[in-house]
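For reference, the chains in residue letters:
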Amino acid sequence: MKRKMLSLLKMAIFVVIWTFSTHTFAQNITVRGTVKSTDGEPLIGVTVQVQGTATGTVTDADGNFTIQNVAPSANLEVSYVGMQTEVIPIQGRTSFDVVLRDDTELLDELVVVGYGQQRRREITGSVTNVSPEDFNKGVTRDAADLLQGKVAGLNITTPSGDVTVGSRIRLRGVSTLQNDQGPFIVIDGVPGGDLQTVAPQDIESISVLKDASSAAIYGSRSAGGVILITTKRGSGVRTSVSYDGYLAVSQLANKPDLLTADEWRAYAREAGRDASVYDRYSANTDWFDEITRTGVAQNHSISLSGGGSSSNYRASFNYLNREGVVRDNDLERYNFRFQLQQRAINDRLRIGLTGAATMGDWNEANRYNFVLAYNMLPVYPIKLSDGEWFDTREYDQGNPVRNQEYNQNLRKNVNYYGSGDLVFTLLEGLDIKTLLYKGRQTEERSQYNNSQTQAGRNDGGYARRENRIWDKNLMEWLLEYYTSLGADDTQRLNVIGGYSWEENEYSYMAAANRNFTTDLLGANNLGSGQGLRPTDVESARNMSRLISFFARAHYSYAERYMLTATIRRDGSSKFGANHKWGTFPSVSAAWGVSQESFMENVSWINDLKLRAGYGITGNQSGLDPYKTLQLYGTSGTYYDNGAWLTAYRISQNANPNLKWEETAMFNVGVDFFLFNNRVNGTIEWYDKRTKDMLYTYRVPTPPYLHEDMMANVGDMRNIGVELALNIDAVRTRNFNWNTSITLAHNKNEITRLSNEEYTTSRVMVGDAWVRGGSGRTTHVVEEGYPVGQFYGPEFIRIDGDGRYVFKNKEGEEVNGVTADDYTYIGSAQPKLTFGWNNQFNYKAWDLSFFFRGTLGNKVLNMGRMTYGHPGYLIGANALNDPLIYQLRVVPEYSSLYVEDASHIRLDNLSLGYTFKTDGLNWLNSARVYATGQNLFVLTRYKGLDPEVDENRNNGLAPGVEDREYYPKARTFSVGISLTF
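Since the model is a prediction, treat every value here as computed from it, not as a measurement.

S.K.: Just to check I follow, could you spell out the environment of S310 for this structure?
M.R.: Structurally, S310 is set in the loop between strand 18 (295-307) and strand 19 (311-323). Separated by 33 residues in sequence, S310 and R343 have C-alpha atoms that sit 5.0 Å apart. Other than its neighbours up to four places away in sequence, S310 contacts Q341, Q342 and R343.

S.K.: Help me understand the pairing of strand 5 (residues 75-79) in this model?
M.R.: One face of the sheet, then the other: side chains in a regular strand alternate in exactly this way. Side chains L76 and V78 project from strand 5 onto a buried face, and the interleaved N75, E77 and S79 project onto a face without burial. Sheet analysis places strand 2 (residues 47-50) next to strand 5, joined by 4 bridges and oriented antiparallel. Paired with T47 across the strands is S79, a residue of strand 5. The sheet contact formed by strand 5 and strand 6 (residues 86-89) spans 4 bridges and is antiparallel. Bridging across to strand 6, V78 finds its partner in E86.

S.K.: What is the right way to read unusual backbone geometry from this model?
M.R.: Among all residues save glycine, negative phi is the norm, and among peptide bonds the norm is trans. Following T701, the chain continues into P702 via a peptide bond in cis, with omega recorded as -10 degrees. With respect to the helices, strands and loops of the structure, P702 is situated in the loop between strand 33 (679-698) and strand 34 (708-731). The residue after P702, namely P703, is reached through a cis peptide bond having omega 10 degrees. For A558, which is not a glycine, the phi torsion comes out positive at approximately 55 degrees. Relative accessible area serves as the criterion here: at 23%, A558 is assigned to the partly exposed category.

S.K.: Mind showing me how you'd approach a nonpolar patch on the surface here?
M.R.: On the surface, L563, V587, Y614, F666, V668, I683, W685 and V721 cluster together into a nonpolar patch covering about 650 Å² of accessible area. Mapped onto the nonpolar patch, the elements with two or more residues apiece are strand 32 (661-674) and strand 33. Mapped onto the elements of the fold, F666 is located in strand 32.

S.K.: Would you take a moment to explain the sheet that holds strand 16 (residues 226-231) for this structure?
M.R.: Ordered by their spatial adjacency, 5 strands build an open sheet running 10-15-16-13-14, and the pairing between neighbours is mixed. Every interior strand has two partners, whereas the edge strands, strand 10 (127-130) and strand 14 (190-191), have only one. Alignment of strand 13 (residues 184-187) against strand 16, held across 4 bridges, turns out to be parallel. Bridged to F184 within strand 16 is V226.

S.K.: How do you make sense of the pattern of salt bridges when you look at a structure like this?
M.R.: Here the idea is simple: oppositely charged side chains can pair when their charged atoms come close. Counted by the stated rule, this structure contains 67 salt bridges. Linking D396 and R963 is a salt bridge whose minimum nitrogen-to-oxygen distance equals 3.0 Å. With D396 in the loop between helix 6 (368-375) and helix 7 (400-406) and R963 in the loop between strand 49 (960-961) and strand 50 (969-979), the pair connects residues that are 567 residues apart, well separated along the chain. The two residues D396 and R963 agree in class, both being buried. For K807, the salt bridge identified is with E794, shortest N-O distance 3.8 Å. With a gap of 13 residues between them, K807 in strand 40 (residues 804-807) and E794 in strand 39 (residues 794-798) connect regions that are remote in the sequence. On the basis of relative accessible area, E794 is assigned to the partly exposed category, the value being 30%. The network of salt bridges with common partners includes R172, K210, K609, R611, D671, E684 and E722.

The rules behind these values
- Residues numbered from 1 in each chain as written.
- Predicted model: local features only at pLDDT ≥ 70, side-chain atom pairs only at ≥ 80, totals over all residues.
- Heavy atoms only, no water.
- Helix = DSSP H or I, 4+ residues; strand = E, 2+ residues; numbered from the N terminus.
- Contact = heavy atoms within 4.5 Å.
- Buried < 20%, exposed > 50% of the residue type's maximum accessible area, 1.4 Å probe, protein only.
- Pairing = 2+ DSSP bridges.
- Patch = residues over 30% accessible without salt bridge, like charges linked within 9 Å, V, L, I, M, F, W, Y side chains within 5 Å.
- Areas by Shrake-Rupley, 256 points an atom, 1.4 Å probe, with all protein chains shown as cover.
- Salt bridge = Lys/Arg side-chain N within 4 Å of Asp/Glu carboxyl O.

Here it is in structure tokens:
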């Protein structure tokens, strides 16, 4: 027994000694070191991390780092943007001198393309990738705000200051006469995405497929280009929590220079007019000040990500609350996103699940309030001395503040979807993939105009409710094969083949009523109104399907010769019986000149690639379902058997020959990396031709049963040149400066509008109506001219009698013209668009500023034409413009009001500071920043802003600052970014 006890005691002592010795020999250590470049300069902000853990830090201003509690057997991973990542075994050492080399592997970066990825060096098409460090800073709503001005040829305009209205996007010019929808959006591989469903803080990268050879893989929906959005994923290395938030204030950047109360009184005296009938309230009101405010915005984004060796996950939540500078305009939005990836069966199987939801509440501004603010006299008060609202029923007048206070135009939407993707490796190099997607978007509108306000007084109160539902179902299968060939694996081959099935369904209903006994119920009890009309109740539903087969093959030999070919065949229910299917092929090739033997001694060229491509893409976005069918619509009533019944007649002719528009593009480009990769860029030329454009033509009756008909007739051409240049101008120990510029020139021309069956010489579009004058068109759609061509009288001067002097078709100066005297007076399309970005880093500070603008485009200043004349003074207000002292006639549309809108805008200025977090094992990074947006505009344009809505009249009459234009804001924000 004693021996047994002694043995147990010895064993216990051994275990204690072994445990102590193990702890002693395995005790963690503190490692220190310096990170430098190959030229000996210390590098600031280098990430030094214990591989496979969350332990890490960044280097200080001297390139030094310190990490505590490190296992002696661990590895250090040292990474820095633009340089090669180094993995260094610690092996018990405590001091390290690390040298990072320039990242020539940047050219081997994987870039997202349609249905896959390609190495940057081997891309044969025109693809621009934008990463988070290049995104626009400050208050951003979606991916379009992040990209604005960053991609040559991608024109993104902010149409107004309304925070509920999205940006207008065009890539390489207008491609259609049917409401150009811009590039096709793909989010995480799901085609047909909505930018609002992805918070900017969740975006990892954005790829823009600019030419047809890269976009043709999306077939009949990619004529306007493709934007691929990749969201952030969790890391399989460590758990991370991130927070990004900002507060912002916005103020009116520019408001119209209207006559003040004193200036209005002075004008009345000089004109010999009796102002006493109006000036009875001792008021001095700036109506634009009264309907606007300082808008406040806040944004909070938090995410949790992590994983292990075989799985990763990321969940995020974003909240955006933004007030417009107009009092009845605001936006509140919630974004939720969850993504999970799991590997199994020895990594042969990968399953991914994504769930996302967006909920929004927003109030659209009543833009007619701007008309009231222009016209209301500055000597009118908002309220009378007894507290009652002041109001007037004069033409285009009424109290806009009262409208804002009592009226409502609230919209709500919910957009949620779930997707599952599965990848299984059948054989080495052969994967099968599938994607299943289900999404639904609902939108509700609730509008009420109070019976006491200008907007609702004529109706005795007006209420309207609307509901819309969009459903989308998608299934895709993809087979991908990739292999290396040759003894030294210098050849690469990648082949994909796929099938896609998609169904979209839309339903809509609306009801309205008038003449309410009380305003207390708003739009919540439509049945209590007494003014129901036959047209106040409506509903609709449609459905369309798209079935597709597609394939792509990519071959690369020694990174020297690359060839890519794609083909897609789409079948759409939208199109006629004779053209249900369309084929969209493309081919592109690239030559890696710098890989040739004769370039071995040209050390200043790191990479030089020539590429060319041709492809055909399609557009079906301008065509609603059932446009190919003969349809019936209501046409009054008829009496039968003692009752009045609804009558029907043919409202649309059948056209079995309707098909998608086809856009063919030839693209030639040069990509280059020079001077140790410190200068890189792209120069491109393209010729883009659209044929079989859809448009509605007048047709004879008979033989047709309806007077107009949609048909494929027109042709259009866009030719352009683009330049993107990035320069790492200065790189020193404490200071870095990077500058980049984008330039794009595009020439648009309509080359055909008619054929043997459907003819028109020209189409007059737009509206230049002003009070007291007849309505006149502003633009012409005509062969040989671009979309956006202004057409009207050529202005010479204003004569001594206060009348316009124009030039007629004979070249004579006359006071009046007819439509025969109209001429071409400018184009809304710019000759050049540009962006210039600069990024500075000094120790822990960073500063960036970004300019963008246009040259050679025109804008119709409808505000000046409508309000810059004396016709209704002193009974209505007017702009403080020289024209109010010169004109004596009703305003007429002419080249006087079509102004040069060339401009340069300081779009973004941002200053940030990154804190040292070396001593905080719970905080990985911390940065504070301040940003200013739309700080100033340099232009000769006399209106409120030279950048206006491109979608006016379905895109056929762009370049007009309407009389109801919502002015833009100047925004300042402060924020913080934290990673734990």
